[in-house]
Amino acid sequence: MIRILAVFVLLYSCHTVVAADFNADKLNNWHHWRGPNADGSAPKADPPTRWDAKTNIKWKVELPGRGSATPVVWGDKVFVLAAEKTDRIAKASELPKPDPRFETKTDPPTNFYKFIILCIDRQTGKILWEKIAAEKVPHEGHHETHSYAAGSPTTDGKYVYASFGSFGTYCYDFDGNLKWSRDLGPLHTRLGWGEAVTPVIAGNSLLLNYDQEADSALYCLDAATGTTRWCAKRDEKTSWNTPLVVEHEGITQVVTSGTNRIRSYNLATGELIWSCGGMTINSIPSAISFGDSVICVSGYRGAAAISIPLSAKGDLGVDGKVNWRYAANTPYVPSPVLVGDKLYFTAMNDALLTVLDARTGKPVFEKERLPQVKSFYGSPVTAAGRVYFTDRDGTTVILKAGDTPDVLAVNKLAEPIDASPVLVGKQLLLRGARWLCCIEEKP
């Protein structure tokens, strides 16, 4: 018993040190799919503004299988997920049994898939290690534009955490050694369109949004061991947004969007702090924090942007008192990006840009057409006074941040891209369906 207690004390003390290092160093890295501040900004980055297939390409590496998960970066290590279809056909006894409760518009495969995490050297593009986290037969198909590797990993600077949803959640050290894994059961997504579970690290806790067609829940796991700290049941259908962690008046809140309610939970206990209605269905964009408020947007079969004070308590309903509401031109798949006190987002998945004053919700400009780009799944990012938008055809338009849509450059790779750009130091990373590309201006 004494030895067991000593092991747990060591694990917790190690993760306390990790958390301290993480808070000090995160601004130099891209540990979360929305960057160090979870709002698309990279305060210490100064990435290139010009590139094409032959210009300023530092390296390009082919990835196994397929995926749309945004990479994360810590130091010179890049972590990225992929799912690879194998030639192994499942026997009848190995096929998952369909659940008749759920309507689907996709067909589950009969092949086994490998669910893979890769660690890549940021300076050379060399694959440092590649681990097969699981090899399983999916119980659902996915939308033709989706993949089985859509949720991004996260890192605290010592460990990397990856969730393939139904196919498990995994913790590896930076040398590729598996520390723990958890199976939280299968997800049943709306019409079988597919999953995207992106974990969020918050001190010694790891958060996972498991919204689905039945038994939706927000999980808080112990980051050191993978054991469940708490599980909050949610009255929600499928959503694909990532939780936001923000501190207010000494309490760390976990904010999740959803069709029925935006909700805030106490990180320490899982207790519901406040909730607010007003989103559309199929909630995908992730919440961002601004000052003492949180801003949520959604844009499928409607439009909604809401700024809610973090001091809120209880159920605000659909028409409750909030800072502001805006009901036009909001995004379906991409999350917004915060540039100072300006909120940038595109309409649905289209190349129509709106910018709001994040303090008031008043438009700075609305529905400005971005040039030479078409449709977005990836989310915009910002650094060095610039805003980057990468479309699904691999074209990136760069704007000068400001009160007018001032175009600085348009760069084309002519490769399909659904992941969001990553900005670290002097580099920009773009993840395509089958490759990862590092862009850096050559001296």
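Quantities reported herein were computed from a predicted structural model and do not represent experimental measurements.

Enquirer: How would you explain empty space enclosed by the protein if you had to name every residue and give the values?
Expert: Counted according to the given criterion, the structure contains 2 cavities of 30 Å³ or more. Approximately 120 Å³ is the volume found for the largest cavity. Taken together, 17 residues make up the lining of the largest cavity; nearest its centre are Ser147, Tyr148, Phe164, Phe167 and Glu195. Considered as a void within the structure, the second largest cavity measures approximately 90 Å³ in volume. The wall of the second largest cavity is formed by 15 residues, among which Ala196, Val197, Asn209, Asp211 and Ser239 lie closest to the centre.

Enquirer: An account of the packing of aromatic side chains is requested, with residue identities and associated values reported.
Expert: Taken as a whole, this structure holds 14 aromatic pairs when the rule is applied. Judged by centre distance (6.1 Å) and plane angle (50°), the rings of Phe79 and Trp129 are tilted. A residue pair is termed long-range when its members are at least 10 positions apart, and Phe79 in strand β3 (residues 77-89) and Trp129 in strand β5 (residues 127-136) qualify at 50 residues. Of the two residues, Phe79 and Trp129, both sit in the buried class. Ring plane angle 20° and centroid distance 4.6 Å describe the contact between Tyr300 and Tyr332, whose orientation is recorded as stacked. Here Tyr332 lies in the loop between β22 (324-326) and β23 (337-339) and Tyr300 lies in the loop between β19 (293-298) and β20 (304-309), a separation of 32 residues in the sequence. Accessibility expressed as a relative area gives 18% for Tyr300, which makes it buried. What links up through ring pairs into an aromatic cluster is the set Tyr113, Phe115, Tyr148, Phe164, Phe167 and Tyr170. One residue, Arg88, lies across the ring of Phe112, its end atom 3.6 Å from the ring centre.

What counts as what
- Residues numbered from 1 in each chain as written.
- Predicted model: local features only at pLDDT ≥ 70, side-chain atom pairs only at ≥ 80, totals over all residues.
- Heavy atoms only, no water.
- 1 Å grid on protein atoms, 1.4 Å probe; cavity = no way out; pocket = protein on both sides within 12 Å on 5 of 7 lines; lining within 4 Å.
- Points joined across faces, edges and corners; volume = space filled by probe spheres on them.
- Phe/Tyr/Trp six-rings, centres within 6.5 Å; stacked < 30°, edge-to-face > 60°.
- Helix = DSSP H or I, 4+ residues; strand = E, 2+ residues; numbered from the N terminus.
- Buried < 20%, exposed > 50% of the residue type's maximum accessible area, 1.4 Å probe, protein only.
- Lys NZ or Arg CZ within 6 Å of the ring centre and 35° of its normal.

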